[in-house]
Amino acid sequence: MRTTPGKPSPTTQDDAEDDLRLVEAIRRGDTTGWSRLITRYQDRLYSVCYRMVHHRELAADLTQDAFVKIIQGLDTFDGRAKLSTWMIRVTMNVCLSRLRSEKLRRHASLDAPPGGGGDSRSKPSQPRNHEQSRELSADDRVDTEEERTRVLEALRRIDPEQRAVIILCDCHGKSYEQIAEVLGVAVGTVKSRLFRARAALREAVENLSDAPKGKNE
Amino acid sequence: MTSTPGQPPADRPLTEDQILDLVEGRLSEADAEAVFSRSGRAGLSERVRQMQAHRRALQNMPLEVAPPHLAERVIATLERDALLGLAKGEPVDGHIPIHIGDRTRHAGHRPWMKAAPGLALAAGLVLLVGGGAYWSSLLIGGKDRPAPTVTPGPLAIKTEKGPRATSPSGAAIEVEAPAAALAIADSAPRNEAATKVLSSEDAARLAQEGRLVIRVASSSTRGVGQLEAMGNGRNHRTWRLRKDVPAEVSSTILAVVTAAPVNPEFVGPVMAASEPERFGSVIAPLVGPRAALNIVPPRIERAGAAIAGSYLLEMPADAASVESITTLLSDRLKGEVRLEVLPESIEAPLTDDAESLTWWTQPPQHWAPRAAVPLVIEERE
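The rules we used
Residues numbered from 1 in each chain as written. Chains lettered and ligands numbered in written order. Predicted model: local features only at pLDDT ≥ 70, side-chain atom pairs only at ≥ 80, totals over all residues. Helix = DSSP H or I, 4+ residues; strand = E, 2+ residues; numbered from the N terminus. Buried ≥ 20, exposed ≤ 12 C-beta atoms within 10 Å, placed from the backbone. Contact = placed C-beta atoms within 7 Å. Core = buried A, V, L, I, M, F, W, Y, C linked by C-beta atoms within 7 Å. Pairing = 2+ DSSP bridges. Axes fitted to C-alpha atoms, helices over the stretch in contact; angles between N-to-C directions. Expected span 1.5 Å × (residues − 1). Parallel < 35°, antiparallel > 145°, perpendicular 65-115°, else oblique. Left-handed = near helix turned anticlockwise from the far one by under 90°. Nonpolar A, V, L, I, M, F, W, Y, C, P; charged D, E, K, R; others polar. pLDDT = per-residue confidence, 0-100.

1. Looking at the overall build of chain A
Point 1. The helix and strand tally for chain A stands at 10 helices and zero strands.
Point 2. Seen in sequence order, chain A has helices and strands lined up from the N terminus as α-α-α-α-α-α-α-α-α-α.
Point 3. By the burial criterion, 40% of the 217 residues in chain A qualify as buried.
Point 4. Expressed as a percentage of contacts within chain A between residues at least 6 apart in sequence, the contacts between residues at least 24 apart total 72%.

Below is the structure:
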């Protein structure tokens, strides 16, 4: 049985060791370690939040909350999982609790513009995986950009729990086991949820394509 | 699960695992084709290809860049929490120095509830004693007992009713007033000059002379606040509503509006001790089962009680403005507007604002003298 998606996790072994050293330093009271930890993970956690809520300011607030919880709860990190996985777990919990409590699944994400109030910072700047960087022709770029926008739009419309699985699997390249760890569910549940999420996403994209353009803008 | 393409029989649907294997590219192209052909589901390959495309689109999305100063914000929050003694991401409101009690904590266990049986017993005793006193007073007083009366105290002012007005005062907008439109107006002797019907032109002239008063009788004064907001002078209206009515102007207005002759017949307060022979008659209505029904409070009429507000209305003293203001008041306050003549002219100062000082910058046809006209809003019973 293979349960690992094709894409490897972005953190390497060296990164993991660095992380552990950083955690130790922070536990010893080295407050400068806070900055290093934040700098190292802020884009990754912000991306998780942004993909979940699709609103830049809210994503920034959620990332901040997540970091505070991470640093204050660093003593509870036992090192069994990767630090990155544990941090994403905390972040995802922050996002899901916010979405559940404020029912943003119905309002904010649908009201937000496709760019989510985007600004200059929203431009792509860090390709995650060099393997995936391809030389594209101008037409390909337009097609890809349109497809990406449509998929993102559809992603905002599916259930947050399903959205979380897809984001962790496809955007962050987490394995099923890591996703199960992040979400605190069994691997079987992850697979089942992922399957439904893919079907829901496909349907949402199809609905978007069928709907008149004006409705989505 | 193993993803050998030969396993799924042709007539059975693919499992979730198999579809995930297909979407996430864990099967070779040949194996995938074999799975598609064996599944016997039309359109499956197309759907899987769409899912693959979506997955690729998401995989190719770059990481978002975190907003600047995020680290500083986090560190500031951590420092704040450290100062407050917070840890593990607890909410601040649970740890601020001021204790906020849990509102639900004592629900159902309020302290006074412990004394509830005692309170019930005391209430029963009071009822028993009160009832006994009432029936005793009836037995003692017998048939010679004078009828229970409550003498009004010193605050009670007996108002003599003035002659009833036979017709409403003159108004530019002639509205038939109900007979009891205004309690005060009914009791006030009418100003002879006010009985004349005023045209807008006359009203404008009187406004210039300081002899116009506008009275509005409305059954609901809910629109007063709105009117005050409209006339607060901060918007670009030609008129303004002022609350700072000078005392001499107020007295003149009141003389017209509420000229109710008062016959202050003061009667001393109820003093049981001063009239021991009437003690029973005084106490009797206050105790017993019909106590509340026995006491009929004296009607206290006070001159001016129906006035909801008095203002100075600064406006251009021309016929058009008079008409528009009259219409506005009638609409907003849903009442009857009367334009009346004051017996003597009043001198109300105008506000020195930019508009009143720069009147000459307006076109000549807009040149009109401004006047401060008393406006009285009365609540109709």
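2. Some details on the nonpolar core
Point 1. Counting 65 residues, the largest nonpolar core has A:Cys49, A:Val53, A:Cys95, A:Val165 and A:Ile179 as its most contacted members.
Point 2. With 11 residues, helix H2 (residues 32-53) of chain A is the largest single contributor of residues to this core.
Point 3. For A:Cys49, the residues in contact, after removing those within four places along its chain, are A:Ala59, A:Leu62, A:Thr63, A:Thr91 and A:Cys95.
Point 4. One finds B:Ala217, B:Leu329, B:Leu375 and B:Ile377 within the second-largest nonpolar core, a separate group that totals 37 residues.

3. Quick notes on the pairing of strand E5 (residues 370-379) of chain B
All names here are of chain B.
Point 1. Of all the 10 residues making up E5, 10 are buried; the element is thus mostly covered by neighbouring parts of the structure.
Point 2. By the bridge criterion, five bridges tie strand E1 (residues 212-218) to E5 in an arrangement that is parallel. Bridge pairing links Val-216 to Ile-377 in E5.
Point 3. Relative to E5, strand E3 (residues 307-316) runs antiparallel, the two being bridged by nine bridges. Each residue of the ladder has a partner; that of Tyr-311, found in E5, is Leu-375.

4. Some details on the sheet that holds strand E4 (residues 335-341) of chain B
Residues and elements named next belong to chain B.
Point 1. The five strands are arranged E2-E3-E5-E1-E4 in an open sheet whose pairing can be described as mixed. Each edge of the sheet is formed by a strand with only one pairing partner; in this case those strands are strand E2 (240-242) and E4. The mean angle between the axes of side-by-side strands here comes to 30°, regardless of whether they run parallel or antiparallel.
Point 2. Pairing of E2 with E3 involves three bridges; the strand directions are antiparallel. Directly across from Arg-240, in E3, lies its bridge partner Glu-314.

5. Topic: helix H4 (residues 83-102) of chain A
Point 1. The end-to-end C-alpha distance of H4(A) is 28 Å, a good match for the 28 Å that 20 residues give at a rise of 1.5 Å each.
Point 2. Among the 20 residues that make up H4(A), 14 are buried, leaving the element largely enclosed by the rest of the structure.

6. Comments concerning unusual backbone geometry
All names here are of chain B.
Point 1. We note that His-69 has phi near 65°; this positive angle belongs to a residue other than glycine.
Point 2. In the Ramachandran plot, Lys-334 falls in the positive-phi region, its phi being about 50° despite a non-glycine side chain.
Point 3. Mapped onto the elements of the fold, Lys-334 is located in the loop between helix H12 (319-333) and E4.

7. Notes on helix H3 (residues 56-72) of chain A
Point 1. In this model, H3(A) (17 residues) spans 24 Å end to end at C-alpha, consistent with the 24 Å of a helix rising 1.5 Å per residue.
Point 2. Among the 17 residues in H3(A), 13 count as buried, and that is most of the element.

8. Brief notes about the environment of B:Val216
Residue and element names in this part refer to chain B.
Point 1. Secondary-structure assignment places Val-216 in strand E1.
Point 2. Spatially, the C-alpha atoms of Val-216 and Leu-375 are 7.7 Å apart, while their sequence positions differ by 159 residues.
Point 3. What Val-216 contacts, discounting residues up to four positions off in sequence, is Leu-329, Leu-333, Gly-335, Val-337, Ile-377 and Glu-378.

9. What to know about the environment of B:Leu254
Point 1. Turning to its location among the elements, B:Leu254 is positioned in helix H9 (residues 247-257).
Point 2. Taking the C-alpha atoms as reference points, B:Leu254 and B:Ile307, separated by 53 residues in sequence, lie 9.8 Å from one another.

10. A look at the pairing of E1(B)
Residues and elements named next belong to chain B.
Point 1. Of all seven residues in E1, seven are buried; the element is thus mostly enclosed.
Point 2. The two faces of E1 match: Leu-212, Ile-214, Val-216 and Ser-218 on one face and Val-213, Arg-215 and Ala-217 on the other face are all buried.
Point 3. Two strands pair when backbone bridges link them, and E1 and E4 are joined in this way by seven bridges, in the antiparallel orientation. By the bridge assignment for E4, Leu-212 is matched with Val-341.

11. Topic: the packing of H2(A) against helix H4 (residues 70-84) of chain B
Point 1. H4(B) packs onto H2(A) with a crossing angle of 135° between their chain directions and a minimal axis gap of 10 Å. Viewed along their axes, H2(A) and H4(B) adopt a mutual orientation that is oblique. In this structure, H2(A) meets H4(B) at a crossing whose hand is right-handed. Between H2(A) and H4(B), the residues in contact are A:Trp34, A:Ser35, A:Ile38, A:Thr39 and A:Gln42 and B:Leu70, B:Ala71, B:Val74, B:Ile75 and B:Leu78, respectively.
Point 2. Per-class residue counts for the contact of H2(A) with H4(B) are seven nonpolar, three polar and no charged.

12. A word on the confidence of the model for chain A
Low-confidence regions, as indicated by low pLDDT, have predicted coordinates that should not be scrutinised in detail.
Residues and elements named next belong to chain A.
Point 1. Looking at chain A as a whole, its pLDDT mean stands at 76, while 72% of the residues score no less than 70.
Point 2. Long-range and interchain partners of residues 1-10, a stretch whose pLDDT sits below 50, account for 26 contacts in this model, where long-range means more than four residues apart.
Point 3. Contacts for the low-pLDDT stretch residues 108-139, under 50 throughout, to residues beyond four places or in other chains number 40 contacts.

13. Comments concerning the environment of A:Arg21
Residue and element names in this part refer to chain A.
Point 1. With respect to the helices and strands, Arg-21 occurs in helix H1 (residues 13-27).
Point 2. Its 11 C-beta neighbours within 10 Å are what place Arg-21 among the exposed residues.
Point 3. Taking C-alpha positions, Arg-21 is 9.7 Å from Gly-33, a pair spaced 12 residues apart along the chain.

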